[in-house]
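Each chain is listed here by its residues.
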Amino acid sequence: MAMVEPLIMRVMALSFNTAKRAGAIIREVMQGGQLNIIDKADRSAQRCIVASLSKQFPKVKIIGEEELVDHSIKEEWLVTEVDAELVKLNCPEEWSDVKEEDMVIWVDPLDGTSEYTHGLLEHVTVLVGIAVKDSAVGGIIHQPFYKQTNGEMGRTVWGLKGLGAGGFKSSSPPNDKFIVTTTRSHSNALIQASIDALSPTEVVRVGGAGFKVLHLLEGKAHAYVFASSGCKKWDTCGPEAVLEAEGGILTDLMGQHYSYAKEVEHANRRGVLAAINKASHEDIIKKMPSHIFEAMQKM
């Protein structure tokens, strides 16, 4: 009898392939030049991911950014094959007995919509976050417009706590600088005050939570700071899991992890703070002015 891989590895491996297929759909929409391009790409990509995952894992709660009444999809959008390499990796013991009822999948089919419309396609990501009960455990960050050295389009980064992360070249940020990444298109006085308090040597303003976390993973920034309630659970679940699988940390501005349980509100009202390691994360919290925390608690 063939051995069945642990559920979480099968969910990760199918999420990997569905994110890639969703990325291809996003590229197709862009090339087609259709009207309502964001709506078309967003909804089509989400239908692909939700239909593919729910067909194989019907008891898993899936929460997507888009409110979809019609879940029907084209047959060629339905992904049934798991990634053969990822599914065979050793499952961490702590996740070996996870059941479908314990899981929540958070889906952002097109993270970085403003950048998508402005042609900043490198910023765009497809995010799939896998939570067990209330904690972000596994994640997929797919870049549809990432150009590989062989000319192939798209890159898929994955991470599972207790196992590690893959799909990218890990690098440490420069020791002689302190680089912060933050929002490109949604800044305000509170966000600017939180950045100024840290006295960074450089501020990198990019779109999308997924792309910001990739900056940390690849050594292009030390921290990701967003003092606003504008982020949602589907923006951070996947990136949090990938970053923490690699030794980083992502929390709210007060240093508390968000709950990703099925019944929680979708907004991340206390902002986002991510860093490459725990020591850097704690140092940032100590430097944050009290009025920032007070403002966050009122949101």
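Since the structure is predicted, the reported quantities are computational estimates derived from the model, not experimental observations. (Residues numbered from 1 in each chain as written. Predicted model: local features only at pLDDT ≥ 70, side-chain atom pairs only at ≥ 80, totals over all residues. Heavy atoms only, no water.)

**Student:** Which parts of the structure should I look at to understand the pattern of salt bridges?
**Tutor:** Close approach of charged atoms allows side chains with opposite charge to pair. What the rule picks out here adds up to eleven salt bridges. Close ionic contact of E28 with R21 constitutes a salt bridge, the shortest N to O distance being 3.6 Å. A relative accessible area of 40% means that E28 is categorised as partly exposed. Ionic pairing is found between K220 and E218, a salt bridge with its closest N-O pair at 3.5 Å. Three or more residues joined by partner-sharing salt bridges are found here, namely R155, E218 and K220. (Salt bridge = Lys/Arg side-chain N within 4 Å of Asp/Glu carboxyl O. Buried < 20%, exposed > 50% of the residue type's maximum accessible area, 1.4 Å probe, protein only.)

**Student:** Can you help me understand the packing of helix α1 (residues 7-32) against helix α2 (residues 37-56) in this one?
**Tutor:** Helix packing geometry: the angle between the two helix axes and the distance between the axes. With their axes 9 Å apart at the nearest point, α1 and α2 run at an angle of 155° to one another. Comparing the axis directions of α1 and α2 gives the class roughly antiparallel. Crossing geometry of α1 relative to α2 is assigned as right-handed. Together, V11, L14, S15, T18, R21, A22, I25, I26, V29 and M30 of α1 and I37, K40, A41, S44, A45, C48, I49, S52, L53 and Q56 of α2 make up the contact between the two elements. Tallied by class, the residues present in the contact of α1 with α2 amount to 13 nonpolar, five polar and two charged. (Axes fitted to C-alpha atoms, helices over the stretch in contact; angles between N-to-C directions. Helix = DSSP H or I, 4+ residues; strand = E, 2+ residues; numbered from the N terminus. Parallel < 35°, antiparallel > 145°, perpendicular 65-115°, else oblique. Left-handed = near helix turned anticlockwise from the far one by under 90°. Contact = heavy atoms within 4.5 Å. Nonpolar A, V, L, I, M, F, W, Y, C, P; charged D, E, K, R; others polar.)

**Student:** Help me out: how do you make sense of the pairing of strand β11 (residues 272-275) in this one?
**Tutor:** Along any regular strand, the residues point their side chains to alternate faces of the sheet. Side chains of β11 alternate between two faces, with V272 and A274 and L273 and A275 buried alike. Bridge count for strand β9 (residues 223-226) against β11 is four bridges, and the pairing is antiparallel. Residue pairing across strands places V225 opposite L273, the latter belonging to β11. When strand β10 (residues 249-251) meets β11, the two strands line up antiparallel, connected through three bridges. Looking across to β11, one finds that T251 is bridged to L273. (Pairing = 2+ DSSP bridges.)

**Student:** Please clarify how the UniProt feature "binding site: Mg(2+)" (unreviewed entry) in the protein chain should be interpreted in this entry.
**Tutor:** Those places that UniProt annotates as "binding site: Mg(2+)" (unreviewed entry) correspond, in this numbering, to E65, D108, L110, D111 and D235. Despite a sequence span of 171 residues, these residues sit close together in the fold, their greatest C-alpha distance being 9.6 Å. Here E65 lies in the loop between β1 (61-64) and α3 (84-87). Of the residues examined, E65 reaches a relative accessible area of 27% and is grouped as partly exposed. Beyond its immediate stretch of four places on either side in the chain, E65 contacts D42, Q46, V107, D108, P109, L110 and W234. Within the fold, D235 resides in helix α7 (residues 233-245). Reaching out from D235, the side chain makes a polar contact with the backbone nitrogen of K232 at a distance of 2.7 Å. (UniProt positions renumbered as here; feature names shortened; annotations may be inferred. Polar contact = N/O pair within 3.5 Å; in protein donor to acceptor, adjacent residues only side chain to side chain.)

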